[in-house]
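Read off the chains here:
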Amino acid sequence: MLALVVAHLVLAGLLPLVSARSRPAAFAVAALPPSVALLWAFSQTGPALGGGVTESVAWAPALGLTLSFRLDALALVMIILVSGVGAVILVHSIGYFDRDSPQATRSAALLLAFAGAMLGLVLADDLLTLYVFWELTSIASFLLVGQGGERRAERRAAVQALLVTVFGGLAMLLGFVLLGQAAGTYRISEILADPPRGGLVPVALVLVLLGAFTKSAQLPFHPWLPAAMVAPTPVSAYLHAASMVKAGVYLVARLSPGFADLAVWWAPVVVVGLGTMLVGGWRALGETDLKKVLAFGTVSQLGFLMVLLGAGDRTAALAGAAMLLAHALFKAPLFLTVGTIDHATGTRDLRKLSGLRTALPGTAVAAALAAASMAGLPPLLGFIGKEAAFEAFVDEGGARGYLVAFGLLAGSMLTAAYSARFLWGAFATKPGVEATVVHHRPGALLTGPIWLCAVAGLVLGGAYVLVDLLVMPYAAAYPDEHGYHLALWHGFNIPLLFSALAIGGGLLLHRARATVDALSHHSPVDAQRGYRSTVDGVSRLALVVTGRLQAGSLPVYLGVILVTFILLPGVAAVVAGQWPADQPVYDALVQVPLALVVVVAALALTRSHRRFTAVLLVGVIGYGVGGLFIIDGAPDLALAQFLVETLSMVAFVFVLRRLPAHFTERRPTWLTRLPRLLIAAVGGITVAGIAVVLSAARVGPAVASGEFVRLAPEGAGANNVVSAIIVDFRALDTVGEIGVLFIAAAGVSSLVLATRYDTRRKRESGREQVSSGQSGPDHEREVLG
Amino acid sequence: MIIVPTINLTMAVTVAVLYAVGFYLLLSRSLMRVLIGVVVLGHASNLLLQLAGGPPARPPIVGTDPAAMADPLPQALALTAIVITFALTTFLLALGYRSFVLVGHDEVQDDVEDRRIGRQKADPVGLGSDEGDGDDSDDSDDSADSGAGDRVASTDDAVEATATGERERP
């Protein structure tokens, strides 16, 4: 199975080579791997419907990561959608895309890559494997919706689809991890065999549902799906009707046998699904773009599927699996019909189309067949699925059963109404609208796939026994109470009445279309507006946070760092540390006058306004610290300190020759100085306090130091322990230190030489001084406007 | 080696003052003052490193009684730190000098790009609003009122025009 998936992806990578010669050929080649996958799946039907076919490839065994695949009844149904319908749509694409279409090369490769990812998704038997393919399909969708990214609508729709589905995907990943940890395994089949309970499992399930709802465009995440209709029609037919948007439904179907008895699982699924079915159906009645009508219809149908597959009932699961198949077989041809009409007439606005029934009779008949299946007319597959759905909830009875049953009835009326609206909009001869001109008649490549899918819906409706055989092993995961089987005729019963009511009500709604159309535009809440304000809000929040944190002022940054230092380690030291009881005032009397010199020099430093005075005071501090080193018994340190201090003073004097005598800084007012003073004073006290507390907390001598002293004479051949440490025991430190010196020397010389170079060039060319841009007043004017 | 290494009060005050002065200078806008602040902080840190080793004692030379000997390890670390402080000082000095030569003063300026972000009110990405599908009427730069947000919008338009191959309308 992995080989099949990889074959899709590899061939997708090679497809541009074919496209370079002939674009139609590229689509023809792209149709091959899905066909092979479908044939392979059919060849495995026996074992798949029995125990399932499994395959496992160790990925990172040490981490327990495996690529596990499993072909069972549900996966087989999904493969018919993914590979079967996929191949049909790729054949349709041969005729749809023009020979010189710039979109064709990209679309062919991406559609094939998507088919591979989707195949992997439905075959995955491991939560993490599933997640990887899940996100791959999101990315393929983003690229296919965005196309060249040349039109604003395409870019926005692509970003919206990506943001919404990836947000859900990440939530789902978190849910998967929680679920996998609770179950002790990531194998889906093992989790379902012994579903975990309690603990974080409810949280995990809600997170997983979030992923499923975003992917399958459920309320309130649905607007991305209609927006994604800017993509070429074959893409919409494949990704946004037949397969990708079913991923969420598939995930719910996959996990329901293990979790549907929990209210945290079935309640959101049923409520959100029903809501989506009604809202989607209602919105479809107000759209004028045929593709949008179908898109909202898809949203509605996805809600329907959610309810059926998440309810946790055998009959409902049977109905759901059958509807899964039926939906792909009627929605894909309807989309392809729109594509064909668009291709033939140049418009898909139902207000402009008229008289196509006579102009494109073949397409009209095939589309009518598909739409009839969508509306639930016998003897089509859609009717069989819908009958089973009504049966499931009417039979269940109780509050939940009847509420859902009537909800489904209302949703089915809307479905019938927008099916009629679609057919009327696409093919009817409308009074007052001149007959649409057909520029070029659709060829067999365009209409053939429509016929194939539509007829399949009819044939499977007749051969319902086959469908029953196919989906029964999936439904068998639930207890069998009534022995219900899919069939065309169950006798005169309530589900049949519901079916009749749905179709009758739908036709009435369609007859009153003027009123409905007007009403459907009045909506108190708009999910698209919600998405927009969420994105705007996040971006505004980012702006505010960045504007606050990234103030662009060095003193502010340093102040924040210092305040953090004071608040975190400072407070921790006060709270947890213990002030030493017997702190001496001094250890050696000489420390006091030296310390006094250093302190006075340091305080004077803050008051000095002349650069030279400041440098001299720094020198006093340095020499004073050197003196303290001598008292502490560190002659090497003192020597280094005196040498370095002297060298620093020389360097300072060299630079000070060129700088003005006074600091150029504006004299700060007390108000601006006060926070600085406060932060600095508290910061200094904090450092000293932490030092005292920590030094008092020491309980014994440093072990390492004792070893250094013991080993110095023999190990390093040195009597001075400090030099032994520096050149021998910790020689690597010293090498690093020398490296730092080299780098600093290189930096200093390049900075000085650059100045010298500028001066020479200025002298030679007589031009103005070079300006570095940043910080210059001109630059500031330019940036701030 | 002596086991009571508590830093005495005089030294603690010295360290506190040195750090406070260093922080104070670091927070100022003059590059030279910042540099001097770094130097003072360097002195303070070196002193603190040495003090962490314990109270005054005999130099760590072999032959001294190990019990009366100062801890050699902090000394070695402080020695390394002193040299590195020196390297840092000279580099900052050269940097300040170069900045003075180029800009004519040695003040640390605010980053104007950052200030512009702070002032910006408009949606910087433009993902949220999708009015005007396809055409760019929603944020054309005809309304040339000053403001940072407009700059971004007009840049976006320029990109748009290049991408679609459309020339901007006059």
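In the block above lies the structure referred to throughout.
My aim in this report is to walk through the structure given alongside it, one point at a time. (Residues numbered from 1 in each chain as written. Chains lettered and ligands numbered in written order. Predicted model: local features only at pLDDT ≥ 70, side-chain atom pairs only at ≥ 80, totals over all residues. Heavy atoms only, no water.)

1. Here's the deal with the overall build of chain A
Each helix and strand in chain A was counted, giving 34 helices and two strands. By the compact-globule yardstick of 28 Å for 785 residues, chain A is too spread out, its C-alpha radius of gyration being 38 Å. Counting only C-alpha atoms, chain A reaches 110 × 70 × 50 Å along its principal axes. Every one of the 785 residues in chain A was classed for burial, and the buried ones make up 52%. The contacts in chain A between residues at least 6 apart in sequence include a share of 78% that link residues at least 24 apart. Taken as a whole, chain A presents about 33000 Å² of accessible surface, with 69% of it coming from carbon and sulfur. (Helix = DSSP H or I, 4+ residues; strand = E, 2+ residues; numbered from the N terminus. Rg over C-alpha atoms; globule rule 2.2 N^0.38 Å. Buried < 20%, exposed > 50% of the residue type's maximum accessible area, 1.4 Å probe, protein only. Contact = heavy atoms within 4.5 Å. Areas by Shrake-Rupley, 256 points an atom, 1.4 Å probe, with all protein chains shown as cover.)

2. Brief notes about the pairing of strand β1 (residues 53-60) of chain A
Residue and element names in this part refer to chain A. Here seven bridges tie β1 to strand β2 (residues 65-71), and the two strands are oriented antiparallel to one another. Bridge pairing in β2 places T54 opposite R70. As consecutive antiparallel partners, β1 and β2 are separated by four residues, and within that stretch G64 has a phi angle of approximately 75°, a positive value. (Pairing = 2+ DSSP bridges.)

3. Section: unusual backbone geometry
Residues and elements named next belong to chain A. The omega torsion of the bond from L219 to P220 falls at -5°, within 30 degrees of zero and hence cis. Put simply, P378 and P379 share a cis peptide bond, and its omega is 5°. Along the chain, P379 turns up in the loop between α18 (361-375) and α19 (381-396). Non-glycine residue Q147 carries a positive phi angle of around 45°.

4. Some words on the interface of chain B and chain A
Frequently, the measure chosen for interface size is the accessible area that the parts lose on association. Taken together, the contact pairs 114 residues of chain B with 130 residues of chain A. Contact between chain B and chain A buries roughly 10900 Å² in total, counting both sides, with carbon and sulfur atoms accounting for 69%. Looking only at chain B, the three residues that lose the most surface to chain A are B:Y24, B:L27 and B:Y97, adding up to 8% of its buried area. On the surface where chain B and chain A come into contact, there are zero salt bridges. Counting across the interface, chain B meets chain A through 19 residue pairs in polar contact (both at pLDDT 80 or more). Of all the secondary structure elements, the ones that give two or more residues to the side of chain B that touches chain A are α1 (9-26), α2 (31-52), α3 (72-103), α4 (112-119) and α5 (148-164) of chain B. The element contributing the most residues to the side of chain B that touches chain A is α3(B), with 24 residues. Here the residues of the side of chain B that touches chain A are counted per class, giving 64 nonpolar, 23 polar and 27 charged. (Buried area = accessible area lost by both parts, 1.4 Å probe. Salt bridge = Lys/Arg side-chain N within 4 Å of Asp/Glu carboxyl O. Polar contact = N/O pair within 3.5 Å; in protein donor to acceptor, adjacent residues only side chain to side chain. Nonpolar A, V, L, I, M, F, W, Y, C, P; charged D, E, K, R; others polar.)

5. Points about a positive patch on the surface
All names here are of chain A. On the surface, R657, R658, R756, R760, K762 and R763 cluster together to form a positively charged patch. Looking at the secondary structure, you find R760 in helix α33 (residues 731-765). You can call R760 partly exposed: its relative accessible area is 44%. (Patch = residues over 30% accessible without salt bridge, like charges linked within 9 Å, V, L, I, M, F, W, Y side chains within 5 Å. Lys, Arg positive; Asp, Glu negative; His and termini not counted. Charge placed at Lys NZ, Arg CZ, Asp CG, Glu CD.)

6. Some thoughts on a nonpolar patch on the surface
Residues and elements named next belong to chain A. A cluster of nonpolar side chains, namely V563, L567, L568, V571, V574 and V575, defines an oily patch on the protein surface of about 580 Å² accessible area. Checked against the element boundaries, L568 lands in helix α26 (residues 554-576). Given the relative accessible area of 59%, L568 is considered exposed.

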